[in-house]
Amino acid sequence: MADTLEFNDIYQEVKGFMNDGRLRLSKAGLMYKNNKTGKVENIAATDLSEGIWRRVALGYGLRLSTRTGQVYKYDGFREPEFEKLSEYIKTHFQVDLVEKDMCVKGWNWGSVRFGGQLLSFDIGEQPAFELPLSNVSQCTTGKNEVTLEFHQNDDTEVGLMEIRFYVPPTQDDGGDPVEAFAQNVLSKADVIQATGDAVCIFRELQCLTPRGRYDIRIYPTFLHLHGKTFDYKIPYTTVLRLFLLPHKDQRQMFFVISLDPPIKQGQTRYHFLILLFSKDEDINLTLNMSEEEVEKRFEGKLKKNMSGCLYEMVSRVMKALVNRKITVPGNFQGNSGAQCITCSYKASSGLLYPLERGFIYVHKPPVHVRFDEVQCVNFARGTTTTRSFDFEIETKQGLQYTFSSIEREEYGKLFDFVNAKKLNIKNRGLKEKSQGMKQAYDDYADSDDDQHHDAYLERMKEEGKIRENADSDDSGDESDESFNPGEEEDEVAEEFDSNPSASSSSADSDEDKEKPAKKPKVPKPSKEKKPRKKTEGKKGKDPAAPKRPMSAYMLWLNASREKIKGDNPGISIIDLSKKAGEIWKGMSKEKKEEWDRKAEEAKRDYEKAMKEYNKNAPPPEVSKKEKKSKGEKKTSEKTEKKKSGKAASPSRTPVKTNTVKSKEFVSSDESSSDESTHKKGSDEEMASSPQSSNDSD
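Time to look at the packing of aromatic side chains. Scanning the model with the defined rule gives 32 aromatic pairs in all. Arranged with centres 5.5 Å apart and planes meeting at 45°, the rings of phenylalanine 379 and phenylalanine 415 form a pair that is tilted. On the criterion of sequence distance, the pair formed by phenylalanine 379 in strand β29 (residues 374–381) and phenylalanine 415 in helix α5 (residues 411–420) is long-range, its members being 36 residues apart. By relative accessible area, phenylalanine 379 is classed as buried at 4%. Site record: aromatic cluster; members linked through ring pairs are Phe332, Phe359, Phe371, Phe379, Phe389, Phe391, Tyr411, Phe415 and Phe417.

As for its placement among the helices and strands, alanine 347 is situated in the loop between β25 (341–345) and β26 (348–354). Taking relative accessible area as the criterion, alanine 347 reaches 82% and is therefore assigned exposed. As a C-alpha pair, alanine 347 and serine 404 span 57 residues in sequence and 8.9 Å in three-dimensional space.

Let us look at the packing of helix α11 (residues 552–567) against helix α13 (residues 589–616). Relative to each other, α11 and α13 sit at 110°, their axes nearing to 8 Å. Taken as axis vectors, α11 and α13 run roughly perpendicular relative to one another. Packed against α11, whose contacting residues are Ala552, Leu555, Trp556 and Ala559, the element α13 presents Trp595, Asp596, Lys598 and Ala599 at the interface. Classifying every residue of the contact of α11 with α13 by side-chain character gives six nonpolar, no polar and two charged.

With that settled, consider the environment of serine 65. Within the fold, serine 65 resides in strand β6 (residues 59–66). The contact partners of serine 65, leaving out residues within four places of it in the chain, are Asp47, Leu48, Ser49, Glu50, Gln70 and Val71.

Take α5 next. Of all the residues in α5, the buried ones are Tyr411, Gly412, Leu414, Phe415, Phe417 and Val418. Backbone geometry just downstream of α5 places lysine 422 in the positive-phi region, at approximately 60°.

A word on the sheet that holds strand β13 (residues 145–150). Across the sheet, three strands lie side by side as β12-β13-β14; this open sheet has antiparallel pairing. Of all strands in the sheet, those bounded by a partner on one side alone are β12 (136–141) and β14 (162–166). Pairwise comparison of adjacent strand axes, ignoring direction, gives a mean angle of 15° for this sheet. Here β12 pairs with β13 via five bridges, running antiparallel. The residue bridging glutamine 138 from the neighbouring strand is glutamate 149, located in β13. Each of β12, β13 and β14 is contacted by helix α2 (residues 177–188), which is oriented at about 165° to β12, the strand it contacts most.

Read from one edge of the open sheet, eight strands run β18-β17-β16-β15-β21-β20-β19-β24, paired in mixed fashion. Of all the strands in the sheet, the pair left with one neighbour each is β18 (231–235) and β24 (326–327). By the bridge criterion, seven bridges tie strand β19 (residues 239–246) to strand β20 (residues 252–265) in an arrangement that is antiparallel. Opposite leucine 245, over in β20, you have phenylalanine 254 as the bridge partner. Packed on one face of the sheet, helix α4 (residues 310–322) meets β15 (200–209), β16 (212–218), β17 (222–226), β19, β20, β21 (268–278) and β24 and runs near 100° to β15.

Let's shift gears to the side chain of aspartate 75. Relative to the assigned elements, aspartate 75 resides in strand β7 (residues 71–77). Despite its burial, aspartate 75 pairs with no opposite charge; the closest candidate is arginine 54, at 6.5 Å N-O. Not counting residues within four places of it along the chain, the set of residues in contact with aspartate 75 comprises Ile10, Tyr11, Met18, Val56, Leu58, Tyr60, Gly61 and Leu62.

All right, on to the side chain of serine 344 then. Examined against the element boundaries, serine 344 turns out to sit in strand β25. Residue contacts for serine 344: discarding those within four places in its chain leaves Ser349, Tyr361, Thr402, Phe403, Ser404 and Ser405.

Attention now goes to the confidence of the model for the chain. Within the chain, residue pLDDT values average 75, and 70% of them lie at 70 or more. Mean pLDDT values for the elements of the chain range from 39 in helix α9 (residues 487–496) up to 94 in strand β27 (residues 358–362). Per-residue pLDDT stays below 50 along residues 429–453; that stretch engages in 25 contacts with residues further than four places along the chain or on separate chains. Below a pLDDT of 50 lies the segment residues 645–697, which in the model reaches 36 contacts outside its immediate sequence neighbourhood of four places, other chains included.

A cluster of like negative charges, contributed by Glu590, Glu593, Asp596, Glu600 and Glu607, occupies part of the molecular surface. Along the chain, the position of glutamate 593 falls in helix α13. Classification of glutamate 593 as partly exposed rests on a relative accessible area of 36%.

Here we come to the pairing of β6. Here β6 lies mainly inside the structure; eight of its eight residues are buried. Sheet topology note: the strand β5 (residues 48–56)/β6 ladder contains eight bridges and is antiparallel. Its bridge partner being in β6, glycine 51 is matched across the sheet by leucine 64. In this structure, β6 lies alongside β7, joined through six bridges in antiparallel fashion. Considered in β7, the bridge of serine 65 is made with valine 71.

Calculation rules
Residues numbered from 1 in each chain as written. Predicted model: local features only at pLDDT ≥ 70, side-chain atom pairs only at ≥ 80, totals over all residues. Heavy atoms only, no water. Phe/Tyr/Trp six-rings, centres within 6.5 Å; stacked < 30°, edge-to-face > 60°. Helix = DSSP H or I, 4+ residues; strand = E, 2+ residues; numbered from the N terminus. Buried < 20%, exposed > 50% of the residue type's maximum accessible area, 1.4 Å probe, protein only. Axes fitted to C-alpha atoms, helices over the stretch in contact; angles between N-to-C directions. Parallel < 35°, antiparallel > 145°, perpendicular 65-115°, else oblique. Contact = heavy atoms within 4.5 Å. Nonpolar A, V, L, I, M, F, W, Y, C, P; charged D, E, K, R; others polar. Pairing = 2+ DSSP bridges. Lys, Arg positive; Asp, Glu negative; His and termini not counted. Salt bridge = Lys/Arg side-chain N within 4 Å of Asp/Glu carboxyl O. pLDDT = per-residue confidence, 0-100. Patch = residues over 30% accessible without salt bridge, like charges linked within 9 Å, V, L, I, M, F, W, Y side chains within 5 Å. Areas by Shrake-Rupley, 256 points an atom, 1.4 Å probe, with all protein chains shown as cover. Charge placed at Lys NZ, Arg CZ, Asp CG, Glu CD.

In structure tokens:
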């Protein structure tokens with residue numbers, strides 16, 4: 001038998017919400033890691049007292065009870081895993097895994113059984129439902145009725161608010177059954193009651209989130225924030241992490257308390273409690289406990305009388321009561337020597353702290369991202385000025401955090417830190433080619449001058465060239481060599497794929513005497529010439545060529561399309577695509593790897609088939625464009641012969657003439673094509689070459 005058992009995609013029920021995570025069983029006990037928060041729960045093997053296996057909504061579930069009455073529920077197992085789990089738990093934990101069925105009859109009458117921190121409503125010998133009493137926030141009684149209210153989880157779409165039990169009166173004088181029921185609930189419920197005196201009180205502390213001045217009363221099991229308008233009671237069980245962060249000015253300190261679930265004020269949720277302290281503020285603190293009680297409870301972590309900086313006293317007391325480590329910045333130092341970077345997030349300026357295992361942004365709104373949540377990071381160009389850049393973080397859950405307006409001098413330090421933590425950098429390519437981080441920084445900083453394209457400047461340069469040509473034509477030089485065809489002539493030349501020469505020596509010809517030369521047209525500066533789309537020579541697709549391979553997502557979609565249609569009858573094509581995208585996005589990395597392998601195999605098969613196809617491919621045929629250009633060349637030669645015949649002198653001396661195709665010339669040539677059959681005699685003489693005229697003489 002293996003020493004450890006691991007299960008992925010296991011769900012833990014917490015206040016009506018199923019948290020996704022991983023479960024690991026070893027000889028020492030069980031360990032469950034929450035994928036969302038990274039929180040790890042350990043259950044020692046010696047603490048387990050009961051194990052129950054039963055059918056649940058997400059497959060099969062495992063319910064474990066400890067000797068102290070704690071209950072843990074894990075769902076998402078498959079039926080064949082029962083034997084493996086049962087054997088492992090019995091061998092290493094000495095606990096029998098018992099199979100039990102739930103009652104699904106839906107009866108209203110039953111019996112209530114209290115066991116540890118669990119209330120079970122049984123019908124006969126089968127439980128109908130179970131309620132963890134730690135989820136109860138309030139218990140009120142009526143004449144023959146008990147009402148239970150529950151702590152709410154913000155992640156749940158549908159939550160149980162309250163449940164009422166009718167307790168019938170009894171004939172014996174054993175006491176009120178309603179009060180007995182309520183006392184059993186309150187003895188295990190997570191109801192915050194400020195009984196007794198506070199261990200210590202910190203007066204008028206500056207709180208950034210929620211904003212205001214609060215008195216903090218420290219009780220043995222919870223923290224009480226008392227302000228002028230609002231009061232908050234925070235159980236220590238909801239504290240996830242503690243952070244102590246120095247301000248950039250080196251005169252203040254942030255103390256951050258991460259909460260899960262958050263504290264609420266109406267519809268507002270506060271996931272972080274942020275306190276701001278001055279380093280110069282000192283305090284003398286006396287705990288409201290005897291020295292023996294302090295020593296017994298805190299084991300040397302605290303003393304009855306303490307003195308020091310205010311932020312040190314608060315953090316020290318919280319660390320002892322919450323029993324969690326305090327996270328401080330690591331070895332990172334910015335360009336100014338501070339352990340943070342000034343930036344903006346959602347239009348608010350704040351400080352970004354690169355930690356040893358994540359990033360935290362203070363303070364509005366606070367953001368904490370762990371490294372194991374990060375999919376990739378990206379260094380982007382600043383949108384407002386080239387003196388700054390943006391730092392983007394994409395998480396595996398699909399969230400994106402953009403920290404903007406970071407000074408350019410911080411780039412090298414931040415890139416070195418991210419690279420040392422082996423995070424996936426989206427735009428790494430340019431940096432790996434450069435010689436060291438200094439060269440990479442220079443490339444990034446100066447790239448704006450090389451790649452920036454100013455469309456207005458380019459257009460003004462073109463207009464300047466056109467004006468230059470126009471001035472040279474009007475300077476008195478009558479040579480046709482300096483003439484540049486206008487926009488219309490360029491379009492005609494491009495359309496007929498010819499290269500007519502601009503030089504001509506026919507200044508004494510009859511045509512030039514009758515028609516004076518036209519001045520070149522200057523194109524309007526507001527209209528830019530658009531490139532003509534050339535689709536004439538586009539090759540058709542060979543049906544015998546191998547088909548391109550599909551991506552991993554498309555392979556999965558083709559295999560899962562019918563299943564999605566079956567689960568969602570009547571779904572449209574658009575909704576089906578959206579639904580498929582959501583399913584693919586929520587799939588685990590292990591499941592996606594299977595389709596990635598299939599896509600890689602399809603790609604290799606395609607490359608192999610393309611090699612065979614290229615070897616046996618027939619010789620390329622002459623395209624339609626090439627055929628058309630040959631025909632146009634012949635037409636151009638015939639047109640030149642006609643033109644040279646018309647321009648011949650009365651003495652029939654052969655003269656070589658080059659013509660410039662203008663728009664008028666092309667249109668007249670096209671219009672006269674239909675009349676050419678009616679003018680045989682004259683056209684034949686005009687089409688004859690000068691050489692043939694000399695032979696006739």
